[in-house]
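Each chain, written out:
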Amino acid sequence: QVQLVESGGGLVQAGGSLRLSCAASGSIFSINAMGWYRQAPGKQRELVATIRTGGSTNYADSVKGRFTISRDSAKNTVYLQMNSLKSEDTAVYYCKLVGLMNNYWGQGTQVTVSS
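*Asks:* Before we move on, could you go through the state of the cysteines and cite the residues and values that matter?
*Replies:* Taken as a whole and judged by the stated rule, the model has one disulfide. For Cys-22, the disulfide goes to Cys-95, at an S-S distance of 2.0 Å. Note on the Cys-22 and Cys-95 pair: the S-S dihedral is about -85°, so by sign convention the disulfide is left-handed. Of the two residues, Cys-22 sits in strand β3 (residues 18-26) while Cys-95 sits in strand β9 (residues 91-99), which places them 73 residues apart along the sequence.

*Asks:* Give me unusual backbone geometry: which residues, what numbers.
*Replies:* Phi is positive for Asn-76, which is not a glycine, with a value near 50°. Its location among the elements puts Asn-76 in the loop between β7 (67-72) and β8 (77-82). In this model, Ser-84 sits at a positive phi of 50°, which is unusual for a non-glycine residue. Mapped onto the fold, Ser-84 is located in the loop between β8 and β9.

*Asks:* Run through the pairing of strand β1 (residues 2-7), naming residues and quoting values.
*Replies:* The alternating pattern of β1 places Val-2, Leu-4 and Glu-6 on a buried face, while none of Gln-3, Val-5 and Ser-7, on the opposite face, is buried. Pairing of β1 with β3, which is carried by six bridges, proceeds in the antiparallel orientation. Within β3, the position partnered with Val-5 by the bridge is Ala-23.

Calculation rules
Residues numbered from 1 in each chain as written. Predicted model: local features only at pLDDT ≥ 70, side-chain atom pairs only at ≥ 80, totals over all residues. Heavy atoms only, no water. Disulfide = S-S within 2.5 Å. Helix = DSSP H or I, 4+ residues; strand = E, 2+ residues; numbered from the N terminus. Buried < 20%, exposed > 50% of the residue type's maximum accessible area, 1.4 Å probe, protein only. Pairing = 2+ DSSP bridges.

Pasting the structure below:
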């Protein structure tokens, strides 16, 4: 079983920055991609950013130029640097690991941006 532990969420003023981390552990045989999703109350979960084994990345249009996803392959850890935060970025952020046979999700970490 794979476990994902997220950290780095919190309360920040609009225009500020946060860095999220997600460390994966357990029976990991292959990681095809890791990424970040977010979900605001009453809304569906949406993609924020992903990074694949080959290094390619993709971002939601709403965060392009502000967020950067990266990973430390040796640690099976993915990061999300969030700059120029807006109140609309407020959500629970979830880490996702795309494995060989299954997808895994973290518990989520709350990000609140005050205006």
